[in-house]
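# Analysis of the macromolecular model
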Amino acid sequence: MQEKALLRYDDLQFIGKVKGVSEDFLKNSLLDSSLVQGEFILGDTAEQLVVIGATVQYVLGVNINNPLKRLEIYSPKKGTQSAFTPADEFVAAYLQPVGVFQTQQEESDMVIVPIETARTLLQESRNVSAIEIFLKDQDNVEAFKKHLEKNLGSAFIVKNRIQQNALLYKILNSEKWAIYLILTFILIIAIFNIIGSLTMLVIDKRRDIAILNSLGASKTMISRIFLYEGLMIAMLGCFLGLLAGLAFCLLQQEFGLISMGQANLLVDAYPVKLKIADFFLVFMTVFTISFIAAFISSRLSIKRFEKLKEDL
């Protein structure tokens, strides 16, 4: 169960979200990696424990090591229009903070309590806000999502992790395409070096072109020689770059070389996922631009060839 509520600690107040979960929620393996302080335990309703988000701790100055202070949670009573005292219009709970978790920004203003505590606060004895499902096999997420949508019908909304954190993944995807465009422009600038190198090569090999001409080589054959040479130079650099990128991605996944900083994110290291489509996109981009550059250089070789014929 999840709903907004008033959080209070000492004299400070904050409007946050209360999330009530069952004991099965603690089986999620990602909880340990998101915990930055204390323990991720909830206990039963008699213990009245709560795990708070990093934003809640920062705004309210919560000290989880002080057992004498409680986090106060207030939720409006259903059906209450006006009461003799303002306190009678709210359902209150007093819980002991035992841990602090740090995830993406959308969840850092949340406190996690046992679901029975949430039912008491929100005065809801039966319904739930959502059912969270954690799959062991992450490769079958989309297939399982379609299976649920087909069997549950339109009365339920089924979302995967990307759809639940749409803002975060949109930012990462925008960064990906921005970097791709920037590197493409750098590639276009660098490709002029290949054009210049091949042009100088054509000038340097004018005697060899003449020898090939005397042996019967046509201008088309000479043009292809320089075209293939330009493509070989570009493709060699492309494959070496792809191998270097693959090695870097594997190192990032294993050791987290690039950090995302302390911005209340689920992971400290910048997330990287290897996709064959990305490698293919890079290869086709380099091949297309390199082919254009090599074709321009090969045309210059034809002109040089024709000039030699005129001189002869």
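Residues numbered from 1 in each chain as written. Predicted model: local features only at pLDDT ≥ 70, side-chain atom pairs only at ≥ 80, totals over all residues. Heavy atoms only, no water.

When its secondary structure is counted, the protein chain shows nine helices and seven strands. Relative to its full complement of 312 residues, the protein chain shows a buried share of 32%. Taking contacts inside the protein chain between residues at least 6 apart in sequence as the whole, the part at least 24 apart equals 70%. Taken as a whole, the protein chain presents about 20,400 Å² of accessible surface, with 61% of it coming from carbon and sulfur. (Helix = DSSP H or I, 4+ residues; strand = E, 2+ residues; numbered from the N terminus. Buried < 20%, exposed > 50% of the residue type's maximum accessible area, 1.4 Å probe, protein only. Contact = heavy atoms within 4.5 Å. Areas by Shrake-Rupley, 256 points an atom, 1.4 Å probe, with all protein chains shown as cover.)

So, about the packing of aromatic side chains. Enumeration over the complete set of coordinates arrives at eight aromatic pairs. Ring plane angle 25° and centroid distance 6.2 Å describe the contact between Phe-287 and Phe-291, whose orientation is recorded as stacked. Note that Phe-287 and Phe-291 are positioned in helix α9 (residues 276–311) at a spacing of four residues, about one turn of the helix. Looking at Phe-287, the relative accessible area reads 31%, which means it is partly exposed. Grouped by ring-pair contacts, the aromatic residues Phe-239, Phe-283, Phe-287, Phe-291 and Phe-295 constitute a single cluster. (Phe/Tyr/Trp six-rings, centres within 6.5 Å; stacked < 30°, edge-to-face > 60°.)

Here we come to the nonpolar core. Ranked by internal contacts, the top residues of the largest apolar core, which has 25 residues, are Leu-7, Val-18, Ile-52, Leu-60, Leu-71, Ile-73 and Val-111. At the level of secondary structure, the elements contributing two or more residues to this core comprise β1 (2–9), β2 (12–21), β4 (49–53), α2 (54–60), β5 (71–76), β6 (90–101), β7 (110–114) and α3 (115–122). Residues contacting Ile-73, with those up to four places away along its chain left out, are Ala-5, Leu-6, Leu-7, Val-18, Val-91, Ala-92, Ala-93, Leu-95, Val-111, Val-113 and Leu-121. Membership of the second largest hydrophobic core comes to 17 residues, among which are Leu-201, Val-202, Ile-209 and Val-286. (Core = buried A, V, L, I, M, F, W, Y, C linked by side-chain atoms within 4.5 Å.)

Here is the key point about a regular strand: its side chains alternate between the two faces of the sheet. Bridge count for β1 against β2 is eight bridges, and the pairing is antiparallel. For Glu-3, the partnering residue across the bridge sits in β2 and is Val-18. (Pairing = 2+ DSSP bridges.)

For β5, the tally of buried residues reaches five of six residues, placing the bulk of the element in the interior. As defined by bridge partners, β1 adjoins β5 across three bridges and the pair is classed as antiparallel. When the bridges of β5 are listed, Leu-7 appears paired with Ile-73. Pairing analysis gives six bridges linking β5 to β6, with the strands arranged antiparallel. Within the sheet, the bridge partner assigned to Pro-76 lies in β6 and is Phe-90.

Okay, the pattern of salt bridges next. In the structure shown here, the tally under the stated rule is six salt bridges. A salt bridge links Asp-109 to Lys-17; the nearest nitrogen and oxygen atoms lie 3.7 Å apart. Of this pair, Asp-109 sits in the loop between β6 and β7 while Lys-17 sits in strand β2, and the two are 92 residues apart along the sequence. For Lys-17, a relative accessible area of 18% gives the class buried. (Salt bridge = Lys/Arg side-chain N within 4 Å of Asp/Glu carboxyl O.)

Moving on, we come to the environment of Ile-64. Following the sequence through the fold, Ile-64 ends up in the loop between α2 and β5. For Ile-64, a relative accessible area of 11% translates into the label buried. Sequence separation between Ile-64 and Val-50 is 14 residues, and the spatial gap between their C-alpha atoms is 9.9 Å. Among residues more than four places away in sequence, those in contact with Ile-64 are Gln-37, Gly-38, Gln-96, Pro-97, Val-98, Gly-99 and Val-100.

The next point concerns α3. Across the eight residues of α3, six count as buried, placing the element largely inside the fold. Taken residue by residue, α3 has Ile-115, Thr-117, Ala-118, Arg-119, Leu-121 and Leu-122 as its buried positions. Looking at the buried positions of α3, the neighbouring elements they touch are β1, β2, β5, β6 and β7.

Take the packing of helix α6 (residues 166–204) against helix α8 (residues 219–255) next. Helix-helix packing is characterised by the crossing angle of the two axes and by the distance between the axes. Where α6 meets α8, the closest approach of the two axes is 11 Å, and the angle between their N-to-C directions is 140°. Relative to α8, α6 is oriented oblique. You can see that α6 and α8 cross each other, and the crossing is right-handed. In this structure, α6 uses Ile-194, Leu-198, Leu-201 and Val-202 to contact α8, whose residues at the interface are Phe-226, Glu-229, Gly-230, Ile-233 and Ala-234. The residue makeup of the contact of α6 with α8, split by class, is seven nonpolar, one polar and one charged. (Axes fitted to C-alpha atoms, helices over the stretch in contact; angles between N-to-C directions. Parallel < 35°, antiparallel > 145°, perpendicular 65-115°, else oblique. Left-handed = near helix turned anticlockwise from the far one by under 90°. Nonpolar A, V, L, I, M, F, W, Y, C, P; charged D, E, K, R; others polar.)

This part takes up helix α4 (residues 141–152). With 12 residues, α4 should reach 16 Å at 1.5 Å per residue; the first-to-last C-alpha distance of 16 Å fits that figure. Backbone geometry just downstream of α4 places Gly-153 in the positive-phi region, at approximately 85°. (Expected span 1.5 Å × (residues − 1).)

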